[in-house]
Amino acid sequence: MNFLRGVMGGQSAGPQPSGAETVQKLCDRVASSTLLDDRRDAVRALKALSKKYRLEVGSQAMEHLVNVLQTDRSDSEIIGYALDTLCNLISNDVEEEEPDESEEENAQKTNSDDLAGQFAEIYIKQQENLTLLLSLLEEFDFHVRWPAVKLLTALLKNQGPQVQQIILVSPMGVSRMMDLLADSREVIRNDGLLLLQQLTKANAAIQKIVAFENAFERLLDIITEEGMSDGGIVVEDCLLLLLNLMRNNSSNQNFFKEGSYIQRMKPWFEVAEDNSGWSAQKVTNLHLMLQLVRVLVSPVNPPGATSNCQKSAFQCGLLQQLCTILMATGVPADILTETINTVSEVIRGSQVNQDYFASVNAPSNPPRPAIVVLLMSMVNERQPFVLRCAVLYCFQCFLYKNQKGQAEIVATLLPATIDANSISAGQLLCGGLFSTDSLSNWCAAVALAHALQDNSIQKEQLLRVQLATSLGNPPVSLLQQCTNILSQGDKIIRRGSKVQTRVGLLMLLSTWMTNCPIAVTHFLHNQTNVPFLTAQISENLGEEEQLVQGLCALLLGICIYYNENSLENYTKEKLKQLIEKRIGKEIFIEKLAYISKHELYSRAGQKPQPSYSSPEQMLFDHEFTKLVKELEVLITKAVQKSSEDEKKEEEVKKSLEQHDSIVSQYKELIREQDMQLNELKKQVAALTNQNEQSQTTITQQTSQIQQLRDQYNLLKVQGKPLDSQHHIHNEAAQINGIQPKADAEEIGRLREEIEELKKQHDVLEGQLAEKESVIDKLRTNQTTGNTGEGCLDIAGEQTTELHKPVAIAEAASGDNDSASALMKISQLESRLSALDDENQKLKDQVKLLTEEQRTLNQQLASTTSTVAILETDKRKLQQEVTESKKEQDDLLVLLADQDQKIFGFKNKLKELGEPVEDEDDLESADQEDDDDDYEPS
């Protein structure tokens, strides 16, 4: 302490030490002192001198301060002093010096920004210094954490990209900064917001990391806690950080939308009925909120992302809330302007949102559509310039890719739909188009051109519009009135600042007549239009008029390119001859190029929104610049072509059309053949599959027939041919409806079996006839009363065939007694009944054999037809195999020819002295390499 008193405040008789000497002594004290209190006092003294003697402290003490941060982590007080000192060195916020400061101190103050950048560069030169600072953010002590946050913010301001790269590779670096938002001490949380703002500038990778660290949720919670649009500077900082995270970052925009955070934005725009007394902070907050919505639906975003955000804005009611602000009273002008721009981009290209906007009415008596109210502001020259530009942009976005809206606007100009008791959009556009205010002329012309953009139907409909110019004069068409204003001399054309008016009218006519031959014919029908255009182009006017000359050349070129040659005096060829005689092709093309060379042309082509600092700069429309790019090339080619070239081009065009038709025919033929080929391939595959199945079935049925044949032979050996035949028939009937399919040998065998069955049938019929004859004889003998030998003879004759034991018994008896005769008669009757039963059995067997024969005949016919089908399929498959072999032979011939050519080329290369490696050489080299790689074990 005595040392510090001597340095800082003590009086001495000798000369006072300079600032550099004092700093040097303090640095030595920090480096050499072993007592923590002494080092702490020295660091506190350096902090006090760091603002006045910034250069000396920074150049001498920075290394010692870093050592303090590394070695004295246990003492929060000295760490806080060191961080404050470093922050004073690197920060640009230097306090005002004393009035009697020296010239050296003035120079130091002037170069403060350079010093801050240099000290920041020295500090981060060692990456460990920044890593050490990030670790200090985890300290909860206020005297450590707060100066660490301020020092990191200062480093990012001076060496942003370098610090961002170090933080990216530092583990948990971003997470430690995100933890600052959860700190209960507002000063640290608020400075943490400022730190994250600097961290997320122009670094998409860090922006994504911060977003995935739940930044959206935390920031929206803070905005809600602070009162949303009525909040203070903290809300502004949160909104600025959100803009940093989502501007030009489609990944974060999609994450914001997918997280349903758009729905949480709706309460921001709930404005009270009493809109008086808007504070400056509320205006700033609401302005940033509107900008955040515009970032999500910006036309420069990917189309899919923009449309999704537009859809969410409508579904959650955000668009409805914005339209409420749009129609409210008492809203500040800048907020109203930004709200109009925001609504414009929310509805641009979205049919649902455009339809809703068309249905919005202003709270007036009687209610008027919001579009009409906005157009009234656009054509009112007393309204602010930025507000009129915003209304024009809103009208353009409403009509963008909205043919339904275009038709509704044009319909308000048609005679059948005009209502004299109400003001329509068409009436306001016509009023602005022909007013004395040149800005109203330009805005109305551009707005009407957007109603015709890429819509040939409405271009033709607009030709029906008639205007009453004055009492007693017949009405003229809108097209005629536009051309009259352009061509009726200086007293109409050059009143006031009419360059803007003529540019607007020429843009309207160019858009109207592009791709609309009927409009071109109407324009050329007026005999004064073409002479006016040629006179304007051929004049040598000042630099201001060059743009008008270029637009006149563009309009005349449109009349050439989209001319249907329906007017004899103004055909394509005659207009080109007129240009060549009156102007010259080169001069015409040069004047046409004036448009794209204009300084405001490229500015208008950058983005759809018209943004100009003054009304005089409003000369080009964004959509018109795209139209000029397309037409300039087409018109240049059309003017440079001669009649012979056009004839040749038409002939070439016809030949190309013929060629295209032929090609299309061949394509169709190839397509049909390809379809047929695919069908044939499917058929071949099906037939192949069917053939395989048939072969499998034949194999199965052949085995079944063989089994049946074996069973038949076995039964035949056992002496039961009829029963075996019946058994064979039953088993054949159990093949589940599959008809037997056999080859020629099997068919022959089946026929032989049928013949054998026929023979058996004949034998059985003969036996049956013999038995019937015997029965008749027995019945005859019974009626005549014959006994004895005759009866015995008959009976014996029968017994020799059937019942031999009974016949022997009767022959041995020889009794002529009548009782014996009666017994014999009863025996014969029993035999007769037995013979009748056996006869019935034989008839049944004959019937069964007949049915079996019929079944076998049917099977034979079915087998014959199946064999014929299979033979046909076999011939087809053999033919396809032959064709495939032929194609393979052709390929082999082509390969042989190719090998012969390669051999010839190699010989030529050898003759020319070029080294050629033969395949044999390569193979031998590979073999040698393999031999070298081989090592015997």
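The coordinates are above.
All values reported here derive from a predicted model rather than from experimental measurement.

1. Some thoughts on the packing of helix α4 (residues 54-71) against helix α7 (residues 112-125)
To describe two helices that pack against each other, one gives the angle between their axes and the distance between the axes. For the pair α4 and α7, the least separation of the axes is 11 Å and the interaxial angle reads 25°. When the interaxial angle is binned, α4 and α7 end up roughly parallel. As for the relative orientation of α4 and α7, their crossing is right-handed in sense. In this structure, α4 contributes R54, L55, G58, S59, M62, V66 and L69 to the contact, and α7 contributes S112, L115, A116, F119, I122 and Y123. Residue composition of the contact of α4 with α7, grouped by class: nine nonpolar, three polar and one charged.

2. What to know about helix α30 (residues 499-513)
For α30, with 15 residues, the first-to-last C-alpha span of 21 Å sits near the 21 Å given by 1.5 Å per residue. When you tally the buried positions in α30, you get 15 out of 15 residues, the bulk of the element. In the segment just after α30, N515 is the residue with positive phi, at about 60°.

3. Quick notes on the packing of aromatic side chains
Remark: the centre distance and the inter-plane angle together describe each pair of aromatic rings, the angle taken between the planes. Enumeration according to the criterion identifies 10 aromatic pairs in this entry. Consider the rings of Y561 and Y562, whose centres lie 5.0 Å apart with planes at 85°: the pair is edge-to-face. Residue Y562 is classed as buried on the basis of its relative accessible area, which comes to 15%. Note on Y601 and F620: the rings are 5.6 Å apart at their centroids and 90° apart in plane angle, and the pair reads as edge-to-face. One end of the pair, Y601, is in helix α37 (residues 599-604); the other, F620, is in the loop between α37 and α38 (622-640), and 19 residues separate them in sequence. Per residue, the accessibility class of Y601 equals that of F620, and both read buried. Above the plane of the ring of F140 lies R185, whose end atom (NZ or CZ) is 4.0 Å from the centre. Directly above the aromatic system of W278 lies the positively charged group of K282, at a separation of 4.6 Å from the ring centroid.

4. A look at the nonpolar core
Nonpolar side chains tend to gather and get buried jointly when the protein is soluble and globular. In terms of nonpolar packing, the biggest core is built from 208 residues, with Y123, L133, L155, W268, F269, F357 and L554 touching the most fellow members. Not counting residues within four places of it along the chain, the set of residues in contact with L155 comprises I90, A120, Y123, I124, L130, L133, G160 and V163. Grouped together as the second largest cluster of nonpolar side chains are seven residues, I754, L764, L842 and L849 included.

5. Some points on the packing of helix α5 (residues 76-90) against α7
For the pair α5 and α7, interaxial distance at closest approach is 7 Å and the crossing angle is 130°. On the basis of the axis angle, α5 is oblique to α7. From α5, L86, L89 and I90 reach across to α7, where they touch A116, F119, A120 and Y123.

Definitions and cut-offs
- Residues numbered from 1 in each chain as written.
- Predicted model: local features only at pLDDT ≥ 70, side-chain atom pairs only at ≥ 80, totals over all residues.
- Heavy atoms only, no water.
- Axes fitted to C-alpha atoms, helices over the stretch in contact; angles between N-to-C directions.
- Helix = DSSP H or I, 4+ residues; strand = E, 2+ residues; numbered from the N terminus.
- Parallel < 35°, antiparallel > 145°, perpendicular 65-115°, else oblique.
- Left-handed = near helix turned anticlockwise from the far one by under 90°.
- Contact = heavy atoms within 4.5 Å.
- Nonpolar A, V, L, I, M, F, W, Y, C, P; charged D, E, K, R; others polar.
- Expected span 1.5 Å × (residues − 1).
- Buried < 20%, exposed > 50% of the residue type's maximum accessible area, 1.4 Å probe, protein only.
- Phe/Tyr/Trp six-rings, centres within 6.5 Å; stacked < 30°, edge-to-face > 60°.
- Lys NZ or Arg CZ within 6 Å of the ring centre and 35° of its normal.
- Core = buried A, V, L, I, M, F, W, Y, C linked by side-chain atoms within 4.5 Å.

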